[in-house]
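# Close look at the chain arrangement
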Amino acid sequence: MFSLDNHKAIFLFLILGLSAACGGGGGGGTASPAPSTTSGPPVNVRASADPAGSVLVTWEAPVSGADGYDVQARVAPADFRTVNPTTIAATGKFLSFPATLDALNVPELSTIEFRVLGYKGTLPPGISTVASTSAPLLRPELVLATSEDGVERLTLTNHSKVADHLHVERLHSFDLNLLIWNTTSMGDFPVGTTSIVDDAPPEGSVVYYTATYSKGSASANNASNKCSAAYRPPSGLAASVADQSISLSWTNHSAAATKIVVLRSAGLNASGAGLEVATLSPSTQAWTDTVPAPGYYTYSLEARTSLWASAMAIPVMAGTLPPPNGLSLISSIQQMPVARQALRGDSGAWYFAQEMYDGHPSIYLPVTNAWNTATPSGADQLIAPYLALDAKEHPHTIFRTGAPGTNPQSLLRGWHDGNAWQTEAIAQRDINASFTPGVTWRLDSAGIPRLIWAVGDYTQPQALEFAFRGTDGTWSIEPVNLPQTAQSFSGRSFQLFLDATDTPHLLVDDIFTVYHGVRTGAGTWAWDNLGDLGQGRFFKLPNDAGFGDGPGDFTLFLLRVAAGTFDDELVLLSRISGTWQNVDPVFHPAYDSLSFTWAKSPAGDRLAFFNGSNEGTRVVLGTKGNWTAHLLDANPGSNAFPAFDPYGHFHLLCQVSQAAIGMQVVSLNVLYDEQVGTPLAPLQPPPTVSLQGLGK
């Protein structure tokens, strides 16, 4: 039962409780809050990751603020660890920390937990709630390379360590606005594939590719750049040649082409640009061109569509063959050094020499499928014939030091012994520039040069000197006693040659006649006047002299000229058993140069001559008294070098043109090789050439 006394007791309790709540009497007031024991925790922490491997953690500053932050991460059940290298400054209310899966060193497809620690003053950090995200499967990187041959090449870089499946798709569009795309599956590939070739993209479309990595239900994909798919050009363009025609064959790969156009240009060039000479159906794969004239041509093909889009084949170069005339040849295009002289060794290797190129002479020695420049140190100018080969196929040369046209000049001999160039001083002389060529030399059967040069005053009898190397290794120099009537002409030229016994012979041009001299002793020469053999015309001396036929027998090269005309012809004049034979015309009608190249077969039964003329590029081949001219190119201007191999088969190297191949200027050559009914025995390989000790 409730009583008044009880009521008073309750009232007193309430009064006392209210007093305590208000500060306990004595005038009232408020109580101080309890001191904070930690910094305020960051709030609204979030984490995300993308297939490129990027991770981003974001948060907001605590209400009480902070001086700096640390971000910690873990893959449970591991402990949290700080992942930022330095404390993150408190720069505002909203903050973030970027990272990568590689930097965090966490595996793909794992759950990553993050928390952020906020620091303020010296208080312990406030720790946020945990935010988590899934580490995705890492996607590949794709780069699409455009291709001129109608093939698209896709390069992939794989970043995933756990993916077990790779699928690639092609998307292409013919829509000008690129709004409509067609998708084609390229198939599944092994994970780790780094290169994919699409050899059938729709021609003329815009294409790109997607690659998707997956493991279980997880996947990640990426797209390449966009490229225009090229039209596919014909391939395998090849040429076979005859005397008046060139036959082409090829394979057409373009499904969009409506025609194949044949382009032809005269000469050899790397671009293949030319005139249209035929329009063919796209199913055509062969065509024969009846060329307008013998010579060298470059062909290309274009696969064209009805919209004039086109794709050009790699050009092919070819040279027509001369009419058979008893000579069966095949031809091939070669890249070889630019040179004024070329020699074919018995091994089948070609050697080249350039009198002066880029300020210095050059000799090119063969190595495997190439040539190395190897010139004696100190050589300032090579002396014609620039290069000769001995019986071991070692190259020899004569050169001079000092600027051309200045005196005195040092004459030196250079020879390559198979390892390096060796040199030897011959003499120092004032070379008389009134004489042409000034110095002439030939290599004897022992591989030692013999020389004649012009010195001093051309009006003096001792205007020429003969130099030879004795068995003791020393050089001897003696004057040449010129015929009396030939001692007053300053413009005469002279040429040295050796007969089959290495006896020196000398030809001297004296306006209306040519003198022939043979060395009969020290400083003594016996002379013949060949003027009476001209058959009513006079002789001039060309750039070469002749050769020995046997002991005491020899054949001379001469130009027979009709007075007052330009009707020059190259003739042979032979002396057999001491008797001069009838003049044997080789080139007729006139050729417009005194310069020619020639070769003699090992048996001496065949001779070959080359000389460029206004009529074109010709080679004359045959035996004495029976010559056949073969037209190689209707356009003049080529240099050519005939040769015979040890079996007597004919070869001819024509230097046709120079072309830029990449960053290098090369000489394009047509090599003609004579074919025979029976296979040739293998020739010895070219000698190995060491570049040690070589000069410039």
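Note that the structure is predicted; figures quoted are calculated from it, not measured.

## As for the sheet that holds strand 1 (residues 43-49)
- Here three strands make up an open sheet; going across it, the order is 1-2-6 and the pairing antiparallel. Of all strands in the sheet, those bounded by a partner on one side alone are strand 1 and strand 6 (94-100). On average, each strand axis in the sheet is tilted by 15° relative to the strand beside it, whichever way the strands run.
- When strand 1 meets strand 2 (residues 54-60), the two strands line up antiparallel, connected through five bridges. Of the residues in strand 2, the one forming a bridge with Ala47 is Val57.

## Side note on the pairing of strand 2
- With antiparallel pairing between neighbouring strands as the criterion, strand 1 and strand 2 make up a hairpin whose turn holds four residues, including Gly53 at a positive phi of roughly 95°.
- Pairing between strand 2 and strand 6: seven bridges, direction antiparallel. Residue pairing in the sheet places Glu60 in a bridge with Phe94 of strand 6.

## So, unusual backbone geometry
- Of the consecutive residues Ala76 and Pro77, the connecting peptide bond is found in the cis state with omega at 10°.
- Mapped onto the elements of the fold, Pro77 is located in the loop between strand 3 (68-74) and strand 4 (81-82).
- Positioned with a positive phi, Leu109 is a non-glycine residue whose angle comes to about 65°.
- Mapped onto the secondary structure, Leu109 falls in the loop between helix 2 (101-104) and strand 7 (111-119).

## Quick look at the packing of aromatic side chains
- Considering all chains together, one arrives at 15 aromatic pairs under this definition.
- Taking 5.6 Å as the distance between ring centres and 75° as the angle between the ring planes, the aromatic pair formed by Phe352 and Trp371 counts as edge-to-face. Of this pair, Phe352 sits in strand 28 (residues 350-357) while Trp371 sits in strand 30 (residues 370-373); the two residues are 19 residues apart in sequence, bridging distant segments of the chain.
- Taking the relative accessible area as the measure of exposure, Phe352 reaches 0% and is therefore buried.
- Assessed through its relative accessible area of 24%, Trp371 is described here as partly exposed.
- Taking 5.5 Å as the distance between ring centres and 25° as the angle between the ring planes, the aromatic pair formed by Phe466 and Phe468 counts as stacked.
- Under the relative-accessibility criterion, Phe468 is labelled partly exposed at 21%.
- In textbook terms, an aromatic cluster arises when at least three aromatic residues are bridged by ring pairs, as seen for Phe547, Phe557, Phe596, Trp598, Phe609 and Trp627.
- If you follow Lys226 out to its NZ or CZ, it ends over the ring of Tyr208, 4.8 Å from the centre.
- The ring of Trp415 is capped by Arg413, whose NZ or CZ atom sits 3.9 Å from the centre of that ring.

## Examining the pairing of strand 3
- Among the seven residues of strand 3, six are classified as buried, and the element is accordingly described as predominantly covered.
- Here strand 3 pairs with strand 5 (residues 88-89) via two bridges, running antiparallel. Along strand 5, the bridge assignment pairs Tyr69 with Ile88.
- As paired elements, strand 3 and strand 7 share seven bridges and run antiparallel to each other. Counted as the bridge partner of Ala73 is Phe114 from strand 7.
- The hairpin formed by strand 3 and strand 4 contains six residues between the paired strands.

## Overview of the side chain of Thr440
- Residue position: Thr440 is located in strand 36 (residues 439-443).
- Given the relative accessible area of 1%, Thr440 is considered buried.
- Reaching out from Thr440, the side chain makes a polar contact with the side chain of Gln495 at a distance of 3.5 Å.
- In terms of polar contacts, Thr440 uses its side chain to reach the backbone amide nitrogen of Leu496, at 3.3 Å.
- Sequence-distant contacts of Thr440, defined by excluding residues within four places in its chain, comprise Arg450, Leu451, Ile452, Phe494, Gln495 and Leu496.

## Quick look at the pattern of salt bridges
- Tallying each qualifying case throughout the model produces 17 salt bridges.
- Arg304 serves as the salt-bridge partner of Glu302, at 2.7 Å between the closest nitrogen and oxygen. Residues Glu302 and Arg304 agree in their burial class; the two are buried.
- Salt-bridge contacts for Arg519 lead to Glu478; the nearest nitrogen and oxygen are separated by 2.7 Å. With a gap of 41 residues between them, Arg519 in strand 42 (residues 514-521) and Glu478 in strand 39 (residues 475-479) connect regions that are remote in the sequence.
- Judged by relative accessible area, Arg519 falls into the partly exposed class, the value being 23%.

Parameters and conventions
- Sequence positions are assigned chain by chain, starting from 1 and proceeding in written order.
- Owing to the predicted nature of the model, reporting of local features is limited to residues with pLDDT of at least 70; listing and counting of side-chain atom pairs is limited to 80 or more, with chain, interface and lining totals taken over all residues.
- Water and hydrogen atoms were dropped before computing side-chain values, which therefore reflect all heavy atoms in the structure.
- A pair of strands is labelled paired if DSSP reports no fewer than 2 bridges between them.
- Only DSSP runs of H or I with at least four residues qualify as helices, and only runs of E with at least two residues qualify as strands; both kinds are numbered from the N terminus onward.
- Each axis is a line fitted through C-alpha atoms, taken for helices only over the stretch in contact, and angles between the N-to-C directions span 0 to 180 degrees.
- Any two rings among Phe, Tyr and Trp, with Trp reduced to its six-membered ring, count as a pair given centres within 6.5 Å; such a pair is stacked if its planes are under 30 degrees apart, edge-to-face if over 60, and tilted if neither.
- Residue burial is assigned from relative accessible area. The probe radius is 1.4 Å, only protein chains are included, and a residue is buried under 20% of its type maximum, exposed over 50%, and partly exposed in between.
- Any Lys NZ or Arg CZ that is within 6 Å of a ring centre and within 35 degrees of that ring's normal is treated as a charge sitting over the ring.
- Counted as a polar contact is a pair of N or O atoms within 3.5 Å, where, for protein atoms, one must be capable of donating a hydrogen and the other of accepting one, and residues adjacent in sequence contribute only when both atoms are in side chains.
- Any two residues whose heavy atoms approach within 4.5 Å at even a single point are treated as in contact.
- Any carboxyl oxygen of Asp or Glu within 4 Å of a side-chain nitrogen of Lys or Arg constitutes a salt bridge here.

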